[in-house]
Amino acid sequence: MGKEIKIALAGNPNSGKTTLFNALTGSNQYVGNWPGVTVEKKEGKLKKHDDVIIEDLPGIYSLSPYTLEEVVSRNYLVTERPHAVLNIVDGTNLERNLYLTTQLTELGIPVVIAINMMDIVRKNGDQINIQELSRELGCKIIEISALKGDGIQEAAEAAVAAAKSAKTIPMHTFSGPVEHTIAHIEEAELHGVSAEQQRWYAIKIFERDEKVLAQLNIPKETLDHIEQDIKAAEQELDDDAESIITNERYVYIATLLKGCYKKKNAGRMSPSDKIDRVVTNRWLALPIFALIMFLVYYISVTTLGTVVTDWTNDTLFGAWIQPAVGTWLTNIGAADWINSLVVDGILGGLAAPIGFAPQMAIVFLFLSILEDCGYMARVAFIMDRIFRRFGLSGKSFIPFLISSGCGVPGIMASRTIENEKDRRMTMITTTCIPCGAKLPVIALIAGFLMGGAWWMAPLMYFSGIAVVIISCIILKKMRLFSGEPAPFVMELPQYHFPSVKGVLLHVWERVWAFLKKAGTILFLCCVVMWFLGSFGIQDGVFGLVDTESSFLAVIGGAIAWIFAPLGFGTWQAVASSLSGFVAKEGIVSTMGVLSGLGDVEEYAVSMHAQFAAFFPTSIAAISFLYFNLFDSPCLAAISTMSREMGSRKFFWFAILFQNITAYCIALMVYQIGGLLTGEVAFSAATVVAFAVLAGVLYLLFRRDPNQHPERLSERQAAYTR
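Residues numbered from 1 in each chain as written. Predicted model: local features only at pLDDT ≥ 70, side-chain atom pairs only at ≥ 80, totals over all residues. Heavy atoms only, no water.

A. Geometry of the overall build of the protein. Each helix and strand counted, the protein has 32 helices and 11 strands in total. Out of the 721 residues in the protein, the part that is buried amounts to 53%. When the accessible surface of the protein is totalled, it reaches about 31,800 Å², and 61% of it is carbon and sulfur. (Helix = DSSP H or I, 4+ residues; strand = E, 2+ residues; numbered from the N terminus. Buried < 20%, exposed > 50% of the residue type's maximum accessible area, 1.4 Å probe, protein only. Areas by Shrake-Rupley, 256 points an atom, 1.4 Å probe, with all protein chains shown as cover.)

B. Molecular detail of the state of the cysteines. Throughout the structure, instances matching the rule amount to zero disulfides. Cys-432 provides the cysteine sulfur closest to Cys-472, a residue in no disulfide bond, and the two sulfurs are 8.5 Å apart. (Disulfide = S-S within 2.5 Å.)

C. How the structure looks around a nonpolar patch on the surface. A cluster of nonpolar side chains, Leu-675, Phe-682, Val-687, Phe-690, Leu-693, Leu-697 and Phe-701, forms an exposed patch at the surface whose accessible area comes to about 670 Å². At five residues, the largest contribution of residues to the nonpolar patch is made by helix H31 (residues 684-701). Its place among the elements puts Leu-675 in helix H30 (residues 648-677). (Patch = residues over 30% accessible without salt bridge, like charges linked within 9 Å, V, L, I, M, F, W, Y side chains within 5 Å. Salt bridge = Lys/Arg side-chain N within 4 Å of Asp/Glu carboxyl O.)

D. Here's a closer look at the packing of helix H7 (residues 176-189) against helix H10 (residues 220-237). Running from amino to carboxyl end, H7 crosses H10 at an angle of 175°, the nearest separation of the two axes being 9 Å. Considering their axes alone, H7 and H10 lie roughly antiparallel with respect to each other. For the pair formed by H7 and H10, the contact residues are Pro-177, Val-178, Thr-181, His-184, Ile-185, Ala-188 and Glu-189 on the first element and Thr-222, His-225, Ile-226, Asp-229, Ile-230, Ala-233, Glu-236 and Leu-237 on the second. Its residues assigned to classes, the contact of H7 with H10 comprises eight nonpolar, four polar and three charged. (Axes fitted to C-alpha atoms, helices over the stretch in contact; angles between N-to-C directions. Parallel < 35°, antiparallel > 145°, perpendicular 65-115°, else oblique. Contact = heavy atoms within 4.5 Å. Nonpolar A, V, L, I, M, F, W, Y, C, P; charged D, E, K, R; others polar.)

E. Quick peek at the packing of helix H25 (residues 571-580) against helix H28 (residues 618-630). H28 packs onto H25 with a crossing angle of 20° between their chain directions and a minimal axis gap of 10 Å. With respect to each other, H25 and H28 are oriented roughly parallel. The handedness of the crossing between H25 and H28 comes out as right-handed. Taken together, the residues of H28 that come into contact with H25 (itself represented by Ala-573, Ser-576 and Ser-577) are Phe-624, Phe-627 and Asn-628. Within the contact of H25 with H28, the residues separate by chemical class into three nonpolar, three polar and no charged. (Left-handed = near helix turned anticlockwise from the far one by under 90°.)

F. Structural view of the side chain of Glu-248. Tracing the backbone shows Glu-248 in helix H11 (residues 241-258). Of the buried charged residues, Glu-248 lacks a salt bridge, with Arg-199 as the closest side chain of opposite charge at 8.2 Å. Beyond its immediate stretch of four places on either side in the chain, Glu-248 contacts Phe-174, Ser-175, Val-178 and Leu-237. (Lys, Arg positive; Asp, Glu negative; His and termini not counted.)

G. Here's a closer look at helix H29 (residues 635-645). Looking at H29, one finds that the buried residues are Ala-637, Ile-638, Thr-640, Met-641, Glu-644 and Met-645. Considered in projection along H29, the buried side chains sweep an arc of 165° and stay on one side of the axis. Of the residues flanking the end of H29, it is Gly-646, one or two places downstream, whose phi is positive at about 70°. (Arc of directions from axis to C-beta.)

H. The pattern of salt bridges, seen in detail. Inspection of every chain in the model, using the stated rule, returns 14 salt bridges. Here Asp-56 and Lys-17 are joined by a salt bridge, their closest N and O atoms 2.7 Å apart. With Asp-56 in strand S4 (residues 52-56) and Lys-17 in helix H1 (residues 17-25), this pair connects stretches of sequence that are 39 residues apart. For the pair formed by Asp-56 and Lys-17, the shared burial category is buried. With its nearest N and O atoms 2.6 Å apart, the salt bridge here joins Arg-74 to Asp-209. Here Arg-74, found in helix H2 (residues 68-80), pairs with Asp-209, found in the loop between helix H8 (195-206) and helix H9 (210-216); they are 135 residues apart in sequence, far enough to count as distant.

I. Quick look at the nonpolar core. Counting residues in each nonpolar core, the largest one holds 102 residues, and the members touching the most others are Tyr-375 and Phe-615. No other element matches the 13 residues that H30 contributes to this core. For Tyr-375, the contacting residues outside a window of four places in its chain are Val-279, Ile-288, Phe-289, Ile-292, Leu-370 and Tyr-495. Counting residues in each nonpolar core, the second largest holds 55 residues, with Val-89, Ile-128, Leu-216 and Ile-230 among its members. (Core = buried A, V, L, I, M, F, W, Y, C linked by side-chain atoms within 4.5 Å.)

J. Inspection of the environment of Ile-244 at higher detail. Along the polypeptide, Ile-244 turns up in helix H11. The exposure class assigned to Ile-244 is buried, which follows from its relative accessible area of 4%. Along the sequence, Ile-244 and Glu-207 sit 37 residues apart, while their C-alpha atoms lie 8.7 Å from each other. Once residues lying within four places of it in the same chain are set aside, the contact partners of Ile-244 are Val-178, Ala-233, Glu-234, Leu-237 and Asp-239.

K. How the structure looks around the packing of aromatic side chains. Applying the stated criterion across every chain yields a total of 16 aromatic pairs. Ring centres of Phe-531 and Phe-551 lie 6.4 Å apart, and the angle between their planes is 35°; on these two criteria the pair is classed as tilted. Here Phe-531 is found in helix H23 (residues 521-534), whereas its partner Phe-551 is found in helix H24 (residues 551-563), with 20 residues between them in sequence. Considering the side-chain rings of Phe-568 and Phe-624, the 5.2 Å spacing of their centres and the 90° angle between planes classify their relative orientation as edge-to-face. Taken together, the positions of Phe-568 in the loop between H24 and H25 and Phe-624 in helix H28 put the pair 56 residues apart, joining distant regions of the chain. The pair formed by Phe-568 and Phe-624 is uniform in burial state, with each residue classed as buried. Members of the aromatic cluster, joined through ring pairs, are Phe-563, Phe-568, Phe-615, Phe-624 and Phe-627. The ring of Phe-650 is capped by Arg-424, whose NZ or CZ atom sits 4.2 Å from the centre of that ring. (Phe/Tyr/Trp six-rings, centres within 6.5 Å; stacked < 30°, edge-to-face > 60°. Lys NZ or Arg CZ within 6 Å of the ring centre and 35° of its normal.)

L. Layout of the pairing of strand S6 (residues 111-116). Of all six residues making up S6, six are buried, and the element is well covered by its neighbours. Alternating residues of S6 divide into Val-111, Ile-113 and Ile-115 and Val-112, Ala-114 and Asn-116, and every residue in both groups is buried. Here strand S5 (residues 84-90) runs beside S6; their pairing, made up of six bridges, is parallel. Looking at the pairing, Asn-87 lines up with Ile-113 of S6. Read as a crossover between parallel neighbours, the route from S5 over helix H3 (residues 94-104) to S6 is right-handed. Note: S6 against strand S8 (residues 141-143), three bridges, orientation parallel. Looking at the pairing, Ile-115 lines up with Glu-143 of S8. (Pairing = 2+ DSSP bridges. Right-handed = clockwise from strand over helix to strand, strands pointing away.)

M. Seen up close, H28. Here H28 spans 19 Å end to end across 13 residues, near enough to the 18 Å set by a 1.5 Å rise per residue. Within H28, 12 of the 13 residues are buried, which leaves the element mostly enclosed by the surrounding structure. Of all the positions in H28, only Ile-619, Ala-620, Ala-621, Ile-622, Ser-623, Phe-624, Leu-625, Tyr-626, Phe-627, Asn-628, Leu-629 and Phe-630 are classed as buried. (Expected span 1.5 Å × (residues − 1).)

N. Main features of the side chain of Glu-207. Inspection of the secondary structure assignment puts Glu-207 in the loop between H8 and H9. Polar contacts involving the side chain of Glu-207 include one to the side chain of Lys-204, which spans 2.9 Å. Once residues within four sequence positions are removed from consideration, Glu-207 is found in contact with Ala-241, Glu-242 and Ile-245. (Polar contact = N/O pair within 3.5 Å; in protein donor to acceptor, adjacent residues only side chain to side chain.)

O. Fine view of unusual backbone geometry. Phi angles above zero are rare outside glycine, and Lys-48 is one such case at about 70°. Phi is positive for Met-117, which is not a glycine, with a value near 65°. With respect to the helices and strands, Met-117 occurs in the loop between S6 and helix H4 (118-123).

By themselves, these observations are geometric and do not establish any function.
Dropping the structure here:
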């Protein structure tokens, strides 16, 4: 065919766009970043068409420039001008999805609509008159099921045909006053814009779109003239310009669907609505969520997960792999240091975190099921009511939820928050939620140090939520982060049975990412920690030394005094915490190396005894856990946060805030908690802990200085300007 054809895949979040993209491109995908931003860019070649490129745009609700995703998608469509747009629409929620469609059709680009989830639409007994809807919208419509693969190739072929014909579609009209103003805007300013784009630009000028106005650089006299027309329309329709356009789009969609869409049970409550009456109930929602998360972690960490983890640690590594490898190395005459490196350093270090992989897999399995069936979308809705009281939008819950798997995508998910202050505050606090990499540390403390305390994992999860809320209240009272939270709009999908393939794929991706990290970062960490823990300078000579005389002991001992008030002043515990700054799983692997797990026959007993020796009391172990849950995340998350912050000042503020917060929490837990349990004697550090507690309570409950009348008038004046 010669020239490449570019087709943009556009649609709302949760409309099945990613499933369709994967089905259309298969393994012919390329992942990068959009120019100038860190938003992920996916493109791929259409199967059986080497000259057709599918561009997967970020999932968006509209082309208004609020979120980074919307800006990226709009910039691509307006400036890059793909040959066609394949608009994927959720057939179970036509009204909300067609809002984006009305905007896409104004761009002067050929559009093909793929109505997804038609299998569910038919199952519900609903009817969509595709021919009539296609005639009204003026573009071809294909019925598909991206999950089952029905109609997807036909939709792609239709988009290719539309791209070749280059025929744009007729656009819907607004009310008289709006159309009159749009015509005036086109006549006054848009002569230099191509004919197919003039209407889109005119509508954006009518909405007073800041980015479009900045791009066009309209002369002041012309802008003043246009503004008079806009104000006249606003006065006649008694609303602001942006709301007028929004309302008229929905009126148009409602009129359209009246003759094209029939719901079988219109007016009746759907099964999803009936379930939501319970799970989103004002009083029951939070207890139900708490119970579900408790069961997830109880089953994963304490019952089923423990059985598999114990077998992996005690039998697979402890009884089979390590003794066998040690014997083999001895038989072939390997040097003692090689034997120590392989058995103690590498296998001993990797055994502990890998042993917890089954627990992680079970946690991810449950979370993937909850996410895929639609429950987690409800949790975001529930949390919006709570977060808004503490200065955060419900949009922040999405990054927190994703961070339960990994902090890196959790930080990246904050892009959907349009308010920059809220976005940065979310990035600072999102890694407080225990991620998959922290689960081995939680399981270690609960299992080996506290006799398998079942309540430890749920407690850490809800502690993370509590720290997030408290931190946000405190940060929101600072001028750096003050302001109203961003509005939260999210489509609640219908409940449905999760896709077995999708859930298992999601679990495998997360577990595989962990195993890859174990084979690379943790492997290197184990080798480095073994070297530092095995070599040193003794009597002025460098070489193999006892662990107590090693470089690691010297480094850990030099800074152990800093952590002594937190209860874990042993150099082993400090060294383990230091490795956590590289990768949180490194904490467990470093402990495995320092425990000399490869040297002992009774693996499980020795593991328990060795780990327990690092902490004098149970409260010290809990303090160690809290510090490592809430301090700076791993290097990968730190580098991601540095890119996403876009400000060196805010980045270093985040690092300092995270580590100071972790230190203060661990200090209060050990000193005050230990005093209450009788494990810690009263000391100067206890006085400091109470002073820190008083300071936190003051910052928490003090009056917001940004709410003072004079500050409010300043902010209102700034807003008016």
